[in-house]
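Fold and geometry: a report
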Amino acid sequence: MRILSGIQPSGVLHIGNYFGMMRAAIALQAEGEAFYFVADYHALTSLQNPKAMRENSHRVALDFLACGLDPDRAALFRQSDVPQVTELAWILGTVTPFSRLELAHSYKDKVARGVAASAGLFTYPVLMAADILIYDSDVVPVGKDQKQHIEITRDIATRINETFGEVFKLPEPRIQSSTETVPGLDGQKMSKSYGNTIDIFGEEKETRKRIMSIVTDSTPVEAPKNPDTSSIVQLYSLFATEAEVAAMKKRFVAGGTGYGDFKKQLFSALWDYFAPMRARRAEILAEPSYVDEVLARGAERANAIADRVMSRVRAAVGL
Ligand code: TYM
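What you see is a predicted model, and the numbers here were worked out from it, not measured in a lab.

**Quick notes on the packing of helix α4 (residues 84-93) against helix α8 (residues 124-133)**
As a packed pair, α4 and α8 sit with axes 8 Å apart at the nearest point and diverge in direction by 120°. The angle between α4 and α8 places the two elements in the oblique class. You can see that α4 and α8 cross each other, and the crossing is right-handed. Across from Val-85, Leu-88, Ala-89, Leu-92 and Gly-93 in α4, the residues of α8 making contact are Val-126, Leu-127, Ala-129, Ala-130, Asp-131 and Leu-133. Tallied by class, the residues present in the contact of α4 with α8 amount to 9 nonpolar, 1 polar and 1 charged.

This is the structure we're talking about:
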């Protein structure tokens, strides 16, 4: 089984990335041949600052390693170290209906939030299909927001197969049902572009401050509170055991505890959860060339497969 996923270096990794994709990706590395990449071509649609691009790409790789990606099992690489993927994207674009891309939620959401409606942003799902198909991927662990992109990938692969014969296998998304969408500080989806994130490796003071700023209603301390609509409970359940979550819910219903106390409890659960990963991150930082070496090794493995698949594709379409 081949597993593949990508993450954009458009900012710093947050706990939505971790519970939506990275945790599953790390677990899956033991079950097959895993390929994980830093999606820098994709990030160019929103980040056009070369220094930030280089720094973020390096940092995403570092943070993924610190969270448990094992480079002896999974290949970790930069998307742009396999430039053949842009050639495949061109070929896929020639069979992709314009109308299919017009229906993509992600494009519409990004434009609504003020991202420039470039041709690159519009054809983003085609490049993503190329990312997946160029490695003959079987399984793609992603958060729920990426589900439509995998459906588009399957449609494009099917069109190629119908037009040119069996070229691609159809990949399956693997979506984390328990953590479908991790909410941000304002209760919307946690996202770099909404400025509502809790970062995996944020500074202690800043992380505490951000958690204390989670938006709540104005129910007074003494009054009972609804645990089912609270993002504090939803976030706490990512870090706590079932019994701990049940205990928090009971205190919500009982009244007499303010939101501030629940937020402190959430901070402490989160801070403890990531402690081993912070320690691993410090070890990696002590070896300055480690991340670059991992990325170079990963790129070599990824290129070997991409070259094979591209020869097959070129032959199939007559190039
Ligand atoms: P990106 O960089 O936005 O996010 C990386 C992964 O994190 C998941 N995620 C979340 N999951 C749950 N709750 C949240 N609040 C949350 N925020 C982010 C995303 O679903 C994603 O899995 N287009 C992709 C990158 C990409 C890719 C690919 C992925 C490029 N090519 C090929 C898979 C296969 C993206 O923008 O992810």
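Resuming the write-up.
**With respect to the domain arrangement of the chain**
Annotation of the chain at the domain level lists domain 1 (2-182 + 289-317) and domain 2 (202-273). Taking only C-alpha atoms into account, the centre of domain 1 sits 34 Å from that of domain 2. Counting from both sides, the interface comprises 7 residues of domain 1 and, opposite them, 6 residues of domain 2. Here domain 1 meets domain 2 over a buried area of about 480 Å², counting both sides, of which 74% is carbon and sulfur. Counting the contacts that link domain 1 with domain 2 gives 0 salt bridges. Within the side of domain 1 that touches domain 2, the residues separate by chemical class into 4 nonpolar, 2 polar and 1 charged.

**Digging into the pattern of salt bridges**
Any two side chains of opposite charge can pair, given that their charged atoms come close. Tallying each qualifying case throughout the model produces 18 salt bridges. Residue Lys-189 is joined to Asp-145 by a salt bridge in which the shortest nitrogen-to-oxygen separation is 2.8 Å. Taken together, the positions of Lys-189 in the loop between β5 (172-175) and α10 (204-212) and Asp-145 in the loop between β4 (139-142) and α9 (147-164) put the pair 44 residues apart, joining distant regions of the chain. Owing to a relative accessible area of 32%, Lys-189 belongs among the partly exposed residues under this scheme. Taken together, the shared-partner salt bridges in this structure form one network comprising Arg-59, Asp-63 and Arg-281.

**Here's the deal with the pairing of strand β2 (residues 33-38)**
Among the 6 residues that make up β2, 5 are buried, leaving the element largely enclosed by the rest of the structure. Bridge count for strand β1 (residues 2-7) against β2 is 6 bridges, and the pairing is parallel. Residue pairing for β2: Leu-4 is matched across the bridge by Phe-35. Tracing the backbone out of β1, into helix α1 (residues 15-28) and back to the parallel element β2 gives a crossover that is right-handed. Where β2 and strand β3 (residues 75-78) come together, 4 bridges link them in parallel fashion. Residue pairing in the sheet places Phe-37 in a bridge with Phe-77 of β3.

**A word on α4**
Spacing of three or four residues puts side chains on the same side of an α-helix, whose turn is 3.6 residues. Of all the positions in α4, only Gln-84, Val-85, Leu-88, Ala-89, Ile-91 and Leu-92 are classed as buried. Looking straight down α4, one finds its buried side chains confined to an arc of 165°; they lie on one side. Buried residues along α4 sit in contact with α2 (40-43), α8, α9 and α15 (290-317).

**Thoughts on the site of the ligand**
By nearness alone, 28 residues border the ligand, and Gln-8, Tyr-124, Asp-131, Asp-145 and Val-182 come closest of all. Met-190 is positioned with one of its backbone polar atoms (N or O) 2.9 Å from a nitrogen atom of the ligand. Across the shell around the ligand, the residue classes break down as 12 nonpolar, 11 polar and 5 charged.

**Some remarks on the environment of Arg-251**
Its place among the elements puts Arg-251 in helix α12 (residues 242-254). On the basis of relative accessibility, which here comes to 35%, the residue Arg-251 falls in the partly exposed class. On a C-alpha basis, the gap between Arg-251 and Val-233 in space is 11 Å, while along the polypeptide they are 18 residues apart. Every residue in contact with Arg-251, bar those within four places of it in the chain, is listed here: Thr-257, Phe-262 and Gln-265.

**Some remarks on helix α14 (residues 275-285)**
Within α14, burial applies to Met-277, Arg-281 and Ile-284. Along α14, the residues classed as buried sweep out an arc of 60° about the axis, all on the same side. In this structure, the buried side of α14 is in contact with α1, α3 (50-66), α13 (259-273) and α15.

**Overview of the packing of α4 against α15**
At a closest axis distance of 10 Å, the pairing of α4 and α15 adopts a crossing angle of 30°. Classified by the interaxial angle, the pair formed by α4 and α15 is roughly parallel. Between α4 and α15 the crossing geometry is left-handed. Across the interface between the two elements, Gln-84, Glu-87, Leu-88 and Ile-91 of α4 pack against Asn-303, Ala-306, Asp-307, Met-310, Val-313, Arg-314 and Val-317 of α15. When the residues that make up the contact of α4 with α15 are grouped by side-chain class, the tally is 6 nonpolar, 2 polar and 3 charged.

Conventions we followed
- Residues numbered from 1 in each chain as written.
- Predicted model: local features only at pLDDT ≥ 70, side-chain atom pairs only at ≥ 80, totals over all residues.
- Heavy atoms only, no water.
- Axes fitted to C-alpha atoms, helices over the stretch in contact; angles between N-to-C directions.
- Helix = DSSP H or I, 4+ residues; strand = E, 2+ residues; numbered from the N terminus.
- Parallel < 35°, antiparallel > 145°, perpendicular 65-115°, else oblique.
- Left-handed = near helix turned anticlockwise from the far one by under 90°.
- Contact = heavy atoms within 4.5 Å.
- Nonpolar A, V, L, I, M, F, W, Y, C, P; charged D, E, K, R; others polar.
- Domains from an automatic or database assignment.
- Buried area = accessible area lost by both parts, 1.4 Å probe.
- Salt bridge = Lys/Arg side-chain N within 4 Å of Asp/Glu carboxyl O.
- Buried < 20%, exposed > 50% of the residue type's maximum accessible area, 1.4 Å probe, protein only.
- Pairing = 2+ DSSP bridges.
- Right-handed = clockwise from strand over helix to strand, strands pointing away.
- Arc of directions from axis to C-beta.
- Near = heavy atom within 4 Å.
- Polar contact = N/O pair within 3.5 Å; in protein donor to acceptor, adjacent residues only side chain to side chain.

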